[in-house]
Amino acid sequence: MFDLGRLRALDALARHGTVHAAASALHCTPSAVSQQLAKLEREAGTTLCHRDGRGLRLSGAGRLLAEHAATVLAAADAAAAALDAYRGEVAGTLTIASFATACRGLLPPALALLAAEHPRLRPQLVECNPYEGLQALDQGRVDLAVIDDWREVRLVLPPGVSARSLGEDAADLIVPAGHPLAAAGPVPLEKAAAERWIASPEGTICHDWLIRILPGLKPDFLVGEFESQFSLVAAGLGVALIPRLARIAAVPGTAVVPLDPVPTRRVSVVWRGAADHRPAVAAVIDALTRAWHSRTTAGLPA
């Protein structure tokens, strides 16, 4: 019988390629991963890894066992979720990854609901972009992730990941007050292509989408926080495309220009399918869904 902890080390090495990356995914030291792999080799009675320079490379036997390890670990996770469902407990620690604007506009009411209704649950929150959130979920470093993607830049979910769409978040063009487009009514985004642009940094999904929609665009300012983008627009330095989830209140010195067609991004919550029946996961999904719908009834931009 193979030890589950040692199988997790092998699975992490197969998924992430290096001992250091596997250690990062498992929240332990590279030395601990190497020790687990050495013990697993003794259990298996065969060589699972070969030295490759300063790293390790899986042998044929290692790749074979890694394939079965993934199946065994998924079954173990499903068994744990089934036991939680049997007990019906919404308790313990659960980690949520979320992109920045959802951390600000969606997670606070959702976490407040969880605190009031499930005091034995201890949710933790990690802010990261959707690419990082999906990777953290796939690596087992978080239990759920709140992600966003655009119709033109869809994210590909890893195998075994379940998803629920919370809704569509529209975006508007934000221009300095008094800008010629401020009173133009709905306009095509291309009409602003020649403006100086304030955009999200390279490597973010919002940046990838903007460059896809306006090919050849080279923003003058790359700024991560939408609040800072608003400040730059208010200073008359350029225009920005900002989703409504990021707009908590009107910003003096700026004007909102609706676009035609209206660009929208999908906001979703994702989790590993093995946790489908885990009560704590279901409670978080429910709280996020209710928090999303409460935005409309509160009259926030939608």
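Please read all numbers here as calculations on a predicted model, not as lab measurements.

So, on to empty space enclosed by the protein. A probe as big as a water molecule, rolled over the atoms, marks out the empty space that is left. On inspection of all chains with the given rule, the structure shows one cavity of 30 Å³ or more. Size it by volume and the largest cavity reaches roughly 90 Å³. As for the largest cavity, its lining consists of Trp 150, Ile 198, Ala 199, Ser 200, Cys 206, Trp 209, Leu 210, Phe 226, Gln 229, Leu 241 and Pro 243. Secondary structure elements with two or more residues in the lining of the largest cavity: β7 (198–199), α8 (205–213), α9 (226–234) and β9 (240–243). By residue class, the composition of the lining of the largest cavity is nine nonpolar, two polar and no charged.

Time to look at helix α6 (residues 107–117). Given 3.6 residues to a turn, an α-helix orients residues that are three or four positions apart in the same direction. Of the positions making up α6, those classed as buried are Leu 107, Ala 110 and Leu 114. With its buried residues spanning 70° around the axis, α6 presents them on a single face. The exposed residues of α6 that point more than 90 degrees off its buried face are Ala 115 and Ala 116.

Glancing now at the nonpolar core. Of all hydrophobic cores here, the largest spans 42 residues; its most connected members are Leu 173, Leu 189, Trp 197, Leu 210 and Leu 241. Contacts of Trp 197, omitting those with residues within four sequence positions, involve Leu 173, Leu 189, Ala 192, Leu 210, Leu 214, Leu 217, Pro 219, Asp 220, Phe 221, Val 239, Ala 240 and Leu 241. Core analysis: the second largest hydrophobic core is formed by 27 residues, Ala 102, Leu 114, Leu 121 and Leu 245 among them.

Here the focus is the pattern of salt bridges. Enumeration over the complete set of coordinates arrives at 15 salt bridges. One salt bridge in this structure joins Arg 266 and Asp 149, with 2.7 Å as the shortest N-O distance. Of this pair, Arg 266 sits in strand β11 (residues 264–272) while Asp 149 sits in strand β5 (residues 144–150), and the two are 117 residues apart along the sequence. Given a relative accessible area of 25%, Arg 266 falls into the partly exposed group. Within this structure, Asp 11, Arg 15 and Asp 138 form a network of salt bridges that share partners.

With that settled, consider the environment of Ala 177. Mapping Ala 177 onto the fold places it in the loop between β6 (161–176) and β7. Sequence separation between Ala 177 and Gly 236 is 59 residues; the distance between their C-alpha atoms is 8.2 Å. The contacts of Ala 177, once residues within four sequence positions are left out, are Gly 253, Thr 254 and Ala 255.

Across residues other than glycine, the phi torsion is negative in most instances, and most of the peptide bonds are trans. A cis geometry characterises the amide bond from Asp 260 onward to Pro 261, with omega recorded as 0°. Relative to the elements of secondary structure, Pro 261 occurs in the loop between β10 (254–257) and β11.

What follows is about the packing of aromatic side chains. Using the criterion set out here, one finds one aromatic pair in the structure. On the numbers, 4.3 Å between centres and 20° between planes, the contact of Trp 150 with Trp 209 is stacked. Of this pair, Trp 150 sits in strand β5 while Trp 209 sits in helix α8, placing them 59 residues apart in sequence. The residues Trp 150 and Trp 209 share a single accessibility class, namely buried.

Each value, and the rule that gives it
Residues numbered from 1 in each chain as written. Predicted model: local features only at pLDDT ≥ 70, side-chain atom pairs only at ≥ 80, totals over all residues. Heavy atoms only, no water. 1 Å grid on protein atoms, 1.4 Å probe; cavity = no way out; pocket = protein on both sides within 12 Å on 5 of 7 lines; lining within 4 Å. Points joined across faces, edges and corners; volume = space filled by probe spheres on them. Helix = DSSP H or I, 4+ residues; strand = E, 2+ residues; numbered from the N terminus. Nonpolar A, V, L, I, M, F, W, Y, C, P; charged D, E, K, R; others polar. Buried < 20%, exposed > 50% of the residue type's maximum accessible area, 1.4 Å probe, protein only. Arc of directions from axis to C-beta. Core = buried A, V, L, I, M, F, W, Y, C linked by side-chain atoms within 4.5 Å. Contact = heavy atoms within 4.5 Å. Salt bridge = Lys/Arg side-chain N within 4 Å of Asp/Glu carboxyl O. Phe/Tyr/Trp six-rings, centres within 6.5 Å; stacked < 30°, edge-to-face > 60°.

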